[in-house]
Amino acid sequence: MKTNVFCLVVIVFATSAFAVRFDSNLTKMEENRAAIKAVLADPKATPAQKLWATYDDLKWDLFTCEDKDFPAKKAAMLKLICERGSLDKSVYLDFIYGLQRENPGAFRMPDLWEIVDRETKGDAKFRTNYYRRRLEMMRGALRFRGTIDPDCTAEARLKLLDEAEKDPAVDQMGINYDASRFDCYVDLGDDARAEAILGKMSASTNLGVRVEWLAKGAEWYKNRSVRYYSEPDAAMLRKVVACCDGILLTEFPRKRGNADAKAALMKADALCQVGDYAEARKALDKLASLSKDKKLGLDGAKILFDVAYAEKKWSEAADVLAPFADKIDADWSVKCAQALVAAGRRREALPYLETASKKCHNKYKRDNYGYLLNKYKAEFGETK
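A short tour of the structure in this document, coming up. All values reported here derive from a predicted model rather than from experimental measurement. (Residues numbered from 1 in each chain as written. Predicted model: local features only at pLDDT ≥ 70, side-chain atom pairs only at ≥ 80, totals over all residues. Heavy atoms only, no water.)

Some remarks on the overall build of the protein
Logical step 1: Across its full length, the protein carries 18 helices and zero strands.
Logical step 2: Evaluated residue by residue, the protein yields a buried proportion of 36% over its 384 residues.
Logical step 3: For the protein, the exposed area adds up to about 23400 Å²; of that, 54% sits on carbon and sulfur atoms. (Helix = DSSP H or I, 4+ residues; strand = E, 2+ residues; numbered from the N terminus. Buried < 20%, exposed > 50% of the residue type's maximum accessible area, 1.4 Å probe, protein only. Areas by Shrake-Rupley, 256 points an atom, 1.4 Å probe, with all protein chains shown as cover.)

Have a look at this one:
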């Protein structure tokens, strides 16, 4: 009996809560409806504002109309979307581009790119923007969707690029064909063609373009160097070093995002991974010289730690990360503790093990760190 009463109370409470939320949603929808009507009645509203208000008004009607009225409302909506009428082309195209983010729900949206293609064909003012926007959408679809849309594959993008290159209405300087094709070839795994474009652009006489493509190449080769269940690909890492050297040797005063510092850091990391520790130290010296205080940051310090640790310079390795003791995670704290133990400085390892045991989220690792901490504390008589 008590259980039935409890269930009844829960149902009543849930129903009342839903009713309150539903009422508040209705109130908000009525307010939006009033705002839409106000825009439609406002003589000062711009054509773009009136167009969107008309769309929102029709969308409201689609969701609230009777079943018998739905076909007429849907036809009115499709007419608004598919027919420009007397609207200015720029206003209409901005509206269609904006609809790419819409999900009407009540009806299937027509092919919006087909509409834009129809409206911009042969028009030099809008045609370039059509191709540029469509390529951006296709790349975005690959990046954010869980599955690949057949219309957004690398093959489809290459086909669109070929079409744009042959279109006489397109400003050929307005589309970055090399970067787009490079991305397509990378997605397809066609390394030979991607590398051909990379080599051509990395030798550009435009220094800004050269630096940009050398940085792109360094990132690409770095990603290709990663191999599961195996050591990194040394040949790819050497290519990373070559790209970074190209950036560092290019005298270009306006390097974006401090390209020299990024190149020096990536070069040091690659050299450390291939075991060329002397050259890695030189790259880190270059990195330190580029900072305002002439010191390494956390990322550079981690690489120097790895270099010193590999060279069995335990004290140097531990001292490198000492200024960043409060910024490193559990794994790096343990590495510092290991270096201090190897250097015979066990007492100094205690704070790092304490930090590791507090920050670590893995139960088994945390228990292991706690065991080592208690072991060293017992050794120094610091147990309670």
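Alright, that's what it looks like, and here's the rest.
Comments concerning helix α13 (residues 277–290)
Residue pairs spaced three or four apart in an α-helix point in one direction, given the helix's 3.6 residues per turn.
Logical step 1: Compared with the 20 Å implied by 1.5 Å per residue over 14 residues, the 20 Å span of α13 between its first and last C-alpha is a close match.
Logical step 2: Residues of α13 that are buried: A280, A283, L284, L287 and A288. Buried residues of α13, viewed axially, fall in a sector of 145°; they line one side. Opposite the packed face of α13, turned more than 90 degrees from it, sit the exposed residues K282 and D285. (Expected span 1.5 Å × (residues − 1). Arc of directions from axis to C-beta.)

Topic: the pattern of salt bridges
Logical step 1: Scanning all chains against the criterion turns up 27 salt bridges.
Logical step 2: Between R181 and D162 there is a salt bridge, with the nearest N and O atoms lying 2.9 Å from each other. In this pair, R181 is assigned in helix α8 (residues 177–188) and D162 in helix α7 (residues 154–166), connecting sequence segments 19 residues apart.
Logical step 3: The residue K363 makes a salt bridge to D367 at a minimum N-O spacing of 3.2 Å. Of this pair, K363 and D367 both sit in helix α18 (residues 363–379), four residues apart, which is roughly one turn of that helix.
Logical step 4: If you follow the salt bridges from partner to partner, you end up with R33, K37, D57, D61 and K73 in one network. (Salt bridge = Lys/Arg side-chain N within 4 Å of Asp/Glu carboxyl O.)

Let's talk about the packing of aromatic side chains
Logical step 1: For the structure on display, the rule yields 12 aromatic pairs.
Logical step 2: Aromatic pair Y55 and F95: ring centres 5.9 Å apart, planes at 75°, arrangement edge-to-face. Of this pair, Y55 sits in helix α2 (residues 47–64) while F95 sits in helix α4 (residues 89–99), and the two are 40 residues apart along the sequence.
Logical step 3: Of the residues examined, F95 reaches a relative accessible area of 1% and is grouped as buried.
Logical step 4: Relative to W213, the ring of F182 lies with its centre 5.4 Å away and its plane at 80°, an arrangement referred to as edge-to-face. Residue F182 is found in helix α8, and its partner W213 is found in helix α10 (residues 207–225); the two are separated by 31 residues along the sequence. (Phe/Tyr/Trp six-rings, centres within 6.5 Å; stacked < 30°, edge-to-face > 60°.)

Focus on helix α11 (residues 234–249)
Logical step 1: Helix length check: α11 (16 residues) gives 22 Å between terminal C-alpha atoms against 22 Å at 1.5 Å per residue, within 8%.
Logical step 2: Check the buried side of α11 and you find it contacts α10, α12 (259–274) and α13.
Logical step 3: Among the residues of α11, the N-terminal cap falls to D233, whose side-chain oxygen and the backbone nitrogen of A235 are separated by 3.0 Å. (Contact = heavy atoms within 4.5 Å. Polar contact = N/O pair within 3.5 Å; in protein donor to acceptor, adjacent residues only side chain to side chain.)

Thoughts on the nonpolar core
Logical step 1: Membership of the largest hydrophobic core comes to 95 residues, with the highest contact counts inside it found for Y55, I81, I96, L99 and I175.
Logical step 2: If you tally residues by element for this core, the top one is α12, at nine residues.
Logical step 3: Apart from the residues within four sequence positions on either side, L99 is in contact with W52, Y55, I81, M109 and L112.
Logical step 4: Listed in part, the five residues of the second largest apolar core include V334, A356, C360 and Y369. (Core = buried A, V, L, I, M, F, W, Y, C linked by side-chain atoms within 4.5 Å.)

Topic: unusual backbone geometry
Logical step 1: Its identity is not glycine, yet K294 carries a phi of approximately 60°, on the positive side.
Logical step 2: K294 sits in the exposed class, given a relative accessible area of 55%.
Logical step 3: A positive phi angle, close to 65°, is found at K312, a residue other than glycine.
Logical step 4: Secondary-structure assignment places K312 in the loop between α14 (298–310) and α15 (314–321).
Logical step 5: According to the relative accessible area criterion, K312 is exposed, its value standing at 60%.

Spatial relationships are all this shows, so hold off on functional conclusions.
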